[in-house]
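Spelled out from the first residue to the last, the chains are:
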Amino acid sequence: DAKTTQPNSMESNEEEPVHLPCNHSTISGTDYIHWYRQLPSQGPEYVIHGLTSNVNNRMASLAIAEDRKSSTLILHRATLRDAAVYYCILEQYSGGGADGLTFGKGTHLIIQP
Amino acid sequence: KAGVTQTPRYLIKTRGQQVTLSCSPISGHRSVSWYQQTPGQGLQFLFEYFSETQRNKGNFPGRFSGRQFSNSRSEMNVSTLELGDSALYLCASSRGTGDEKLFFGSGTQLSVL
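Predicted model, so just to flag it, every value in this text is computed and none were measured.

We now examine the overall build of chain B. When you go through chain B residue by residue, the secondary structure sums to zero helices and 11 strands. Starting at the N terminus and ending at the C terminus, chain B contains elements arranged as β-β-β-β-β-β-β-β-β-β-β. Against the globule reference of 13 Å for 113 residues, chain B gives a C-alpha radius of gyration of 13 Å, in line with a compact fold. The C-alpha extent of chain B, read off along each of the three principal axes, is 40 × 25 × 25 Å. Residue burial in chain B is summarised as follows: out of 113 residues, 50% are buried. The contacts of chain B with a sequence gap of at least 6 include a subset with a gap of at least 24, amounting to 54%.

Pairing between sheet strands relies on hydrogen bonds along the backbone, with the strands arranged either parallel or antiparallel. Residue and element names in this part refer to chain A. Pairing within the open sheet is antiparallel, and its four strands lie in the order β2-β7-β6-β5. Strand pairing shows two members of the sheet lacking a second neighbour, β2 (18–23) and β5 (55–56), which therefore form its edges. As judged from the two bridges shared by β5 and strand β6 (residues 61–64), these two strands associate in the antiparallel manner. Following the sheet pairing, valine 55 is matched in β6 by leucine 62.

Criteria and thresholds
- Here the residue index of a chain counts from 1 through its sequence in written order.
- Each chain is given a letter, starting from A, and each ligand a number, starting from 1, according to the order in which they appear as written.
- A pLDDT threshold of at least 70 governs which residues receive local features in this predicted model, and a stricter bar of 80 or more applies before side-chain atom pairs are shown or counted, although totals over entire chains, interfaces and linings include all residues.
- Where side-chain values are given, they derive from all heavy atoms of the structure, hydrogens and water being excluded.
- Put simply, DSSP H or I for four residues or longer makes a helix, DSSP E for two residues or longer makes a strand, and each gets a number counted from the N terminus.
- C-alpha atoms define the radius of gyration, and 2.2 Å times the number of residues to the power 0.38 defines the globule rule.
- To sort residues, take the accessible area from a 1.4 Å probe on protein chains only and compare it with the maximum for the residue type: under 20% means buried, over 50% means exposed, and anything in between is partly exposed.
- By definition, residues are in contact when any of their heavy atoms lie within 4.5 Å.
- Two strands form a pair only when DSSP identifies at least two bridges running between them.

As structure tokens, then:
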């Protein structure tokens, strides 16, 4: 799987927007960009995913660069419950079978009240 | 809709023993994947089962094995436990048809003494 690079940690204030960057310069044309987050003592939780176009859902937005070599997860208004480790993952789908997600170290997001 | 259920939540074993962990996926999901999480290595993919067949496998020794039953429930077995097998074992379920999100359980925390 292609690799991703994320900052080790980021800090933000409650009720402010948060932009979490991810670099994936070796992404291939068929790699999907996934974001998951993991709260303490829980399994990872799906946040959002996309291929080429920007994506929005109730949790967040995903902005994908035109050359697809980077992406940004946007939390529009952070709350204390958004404090977690955020993982940016590339996944290639090969005819119906997921090859297993390759999790990096992720970004530890700290939210200050 | 019930989430992914993993049992037991905690387990303590000694070196040389074997252990079996259980995962019940979300109703209707046919794919179950297993991951190992340790502080040093992070989250690593073990294997994926779809319709009772192992479809993908990560880079783990043969001591790690699994199976899936006709109701999609899955078990993971680790034989001849080593101290380094101490980890959080997570399972995730999905429909298994590609381009989709994974739903993770809360994991089984295994301690090998």
